[in-house]
Amino acid sequence: MSYEISAKTILKNSIKSAIYIDDKARSFFEDVSEPPEIEEELSVKLYNNFRENGISLEVFKYSKGDETDDNKITFITENRDFVILDWKLLGKTGEEESLKLLNEIVTAKNIHFATVYTSENDLEDVLLNILSYFSEKDKDYYIDIKEELELEEYSEEIITILHQINLNRSNPNLIKSLRREIYQIDNKIPKKLRDITRMEDLTCAIIKSSIALSDKEKSGKELLCPTLVDNENKIVVINNTIITILNKNENSAEDLLENFKVHIINDVDSFNQLLGLDLYNHLYRSSAITNDLAITFPKEALIHHRKNLKKDGIGYFFNSFMNEILMEKLSMSIRNEEFLLLNDDLLNQFESELPAEYNDTKSLHKMNVFYNSFYFDKKDQILNFGDVFQIEPNENHTKSPKYLICLTALCDCLRPQDKIKSNFYFAEGSNIDVNKALSLGDTAFISFLSNDITISWTEVAMDDLKKAYGPVYVKPLQYKVFDGQNKIDENNKIEVHYLDKTGATKTETLNYIGTIRPNYAQRIANHAFSYPVRVGVDFVKK
């Protein structure tokens, strides 16, 4: 089965519920206007087309203020797979209202696809507005730097290049060429843009300058930046939501769904999203929990177990325990499933197209982040096995960042006062060059985390002789977490304490940055707890 056929099958199975949002849309309980609005006829045609494709389409008639109404936002985003959003929600204006709704859409974890549906012929203008609104900076920031940028009186030629880099930020070859043009015109400009925008990365500085000098919509708060921008096909990816910009005149109601699928399959690297959707489809079809014949006990037995845990003072563990059981059931239910995009013939085809020497360091790092770690919302959650923290700089840690990974057994983390007298085990690590880490791979004790963080939990021996024959240790460290303070706070921080050489109590503030998967963390823990049983010997050295 080809990639295109596999991808279309996955999309067909995963898009079950969609919603069309327009200020002139016609709900089916409303009377038709005289004469009927184009959008009213469009609502009916979209509904019929989606129904023919087995998709439930809700038509939502927008009214000003809906973008701030929590109930309306819930209705728009809850249980939706695909959103079609009109660009101008107030007739000839309303771009800001559309962008506010788009932010709610990309924030919803369940929505993977959206289309901005517009009558505008200038789709680039729509894209520039989206890039301006979702830029990790707020309106005040851009007002501030715009004043400084205007004092430089850059030529129209320079400003055009800035906008082109903004639009084509995901095209490295074009970016390189455009940056070279700036240096040729005036080699002092790049440094000036960095200084004004307070951005070290030149491309980021250029993008922020482009946005500041444009008249496009800007957000009142800092919002996520796109991870991919395809200017040619007018596709942008924000928070794993793939957004296409389609013209109403060129994409009729009858063709919109098919054109959207073609865009997703051919014009953007959506392999990972499609693989995730294929997983969702398998889980949906397998009915793993309800079909398990082992689940024949009455609810009273479950409540009895919870009651016993509460008697032991660990009632809060029940939900975590059940989550783990249910996840394992799901995992077992798809063990023998065949994923459409992991078909050997298809993967062999991709392999034949792979360069002989694949050295994309950034992508390989991201792959390992996916393999070994996950980022949880740990607010008000207990310190747990595998949690990784960065130590806040202080008098003991002022130079290179230091990290701690919790190696305390899960059962001890649940009842630290009773089991371990609140003394938790950690290992300390430091940054390692990503290329060195990728060369070492699973031969070393390394963790890969988001934001380009790569941590070694041992000292890597550079001496060839020591590397070949010397022992490698992961040293366990013990920190006290005071009773009742073993939960991570709303700022993703937790405090741990230790005694220094003088016997004084010292405190470290830890910032949560991710959690290592159990088997990867257990490998580090196994090695760390062999450290106390090492035996010292002595030989005469030459």
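Note that the structure is predicted; figures quoted are calculated from it, not measured. (Residues numbered from 1 in each chain as written. Predicted model: local features only at pLDDT ≥ 70, side-chain atom pairs only at ≥ 80, totals over all residues. Heavy atoms only, no water.)

Caption draft 1: Just helix α16 (residues 361-372), in detail. Across its twelve residues, α16 extends 17 Å between first and last C-alpha, which sits within 8% of the 16 Å expected from 1.5 Å per residue. Of all the positions in α16, only H365, V369 and N372 are classed as buried. Buried residues of α16, viewed axially, fall in a sector of 90°; they line one side. Those residues of α16 that are exposed and aimed more than 90 degrees away from the buried face are K366 and F370. For α16, the secondary structure elements touched by its buried residues are β8 (373-374), α19 (434-440), β12 (446-449), β13 (453-456), β16 (505-516) and α21 (518-528). (Helix = DSSP H or I, 4+ residues; strand = E, 2+ residues; numbered from the N terminus. Expected span 1.5 Å × (residues − 1). Buried < 20%, exposed > 50% of the residue type's maximum accessible area, 1.4 Å probe, protein only. Arc of directions from axis to C-beta. Contact = heavy atoms within 4.5 Å.)

Caption draft 2: The arrangement of the pairing of strand β9 (residues 387-391) in detail. Burial runs high along β9: four of the five residues are buried. Sheet analysis places β9 next to β16, joined by five bridges and oriented antiparallel. Among the inter-strand pairings, I391 is bridged to a residue of β16, identified as L510. In the sheet, β9 pairs with strand β10 (residues 402-406) via three bridges, with the strands oriented antiparallel. Bridging across to β10, V388 finds its partner in I405. (Pairing = 2+ DSSP bridges.)

Caption draft 3: The pairing of strand β7 (residues 241-247), seen in detail. Of all seven residues that make up β7, seven are buried, and the element is covered over most of its length. Neither face of β7 is exposed, since T241, I243, I245 and N247 on one face and I242, T244 and L246 on the opposite face are all buried. Direction of pairing for strand β4 (residues 113-118) relative to β7: parallel, over a ladder of six bridges. For A114, the partnering residue across the bridge sits in β7 and is I243. One ladder, built from four bridges, connects strand β6 (residues 235-238) with β7; its direction is antiparallel. For V236, the partnering residue across the bridge sits in β7 and is I243. A loop of two residues connects β6 with β7, the two strands running antiparallel in sequence, and N239 in this loop sits at a positive phi of about 55°.

Caption draft 4: Examining the packing of helix α4 (residues 95-107) against helix α5 (residues 123-133) more closely. Running from N to C, α4 and α5 point in directions that differ by 60°, and their axes come no closer than 11 Å. With respect to α5, the element α4 is oriented oblique. Taken as a pair, α4 and α5 cross one another with a handedness that is right-handed. In this structure, α4 uses L99, K100 and L102 to contact α5, whose residues at the interface are N129, I130 and Y133. Tallied by class, residues from the contact of α4 with α5 come to four nonpolar, one polar and one charged. (Axes fitted to C-alpha atoms, helices over the stretch in contact; angles between N-to-C directions. Parallel < 35°, antiparallel > 145°, perpendicular 65-115°, else oblique. Left-handed = near helix turned anticlockwise from the far one by under 90°. Nonpolar A, V, L, I, M, F, W, Y, C, P; charged D, E, K, R; others polar.)

Caption draft 5: The packing of aromatic side chains, seen in detail. All chains considered together, the criterion is met by 16 aromatic pairs. Between the aromatic rings of F60 and F75, the centroid separation amounts to 5.9 Å while the plane-to-plane angle is 40°, which identifies the pairing as tilted. Here F60, found in strand β2 (residues 56-61), pairs with F75, found in helix α3 (residues 70-77); they are 15 residues apart in sequence, far enough to count as distant. Taking relative accessible area as the criterion, F60 reaches 8% and is therefore assigned buried. F75 gets classed as partly exposed once you look at its relative accessible area, which sits at 34%. (Phe/Tyr/Trp six-rings, centres within 6.5 Å; stacked < 30°, edge-to-face > 60°.)

Caption draft 6: Representation of the sheet that holds strand β5 (residues 228-230). Strand order in the open sheet formed by seven strands is β2-β1-β3-β4-β7-β6-β5, with mixed pairing between adjacent strands. Two strands in the sheet have a free side with no partner beyond their single neighbour: β2 and β5. Taking the axes of each pair of neighbouring strands and ignoring which way they run, one obtains an average angle of 20° across the sheet. Sitting on the sheet, α3 is in contact with β1 (17-22) and β2, with an inclination near 155° to β2. Along the sheet, α4 contacts β1, β3 (82-86), β4, β6 and β7; its crossing angle with β3, the most-contacted strand, is approximately 170°.

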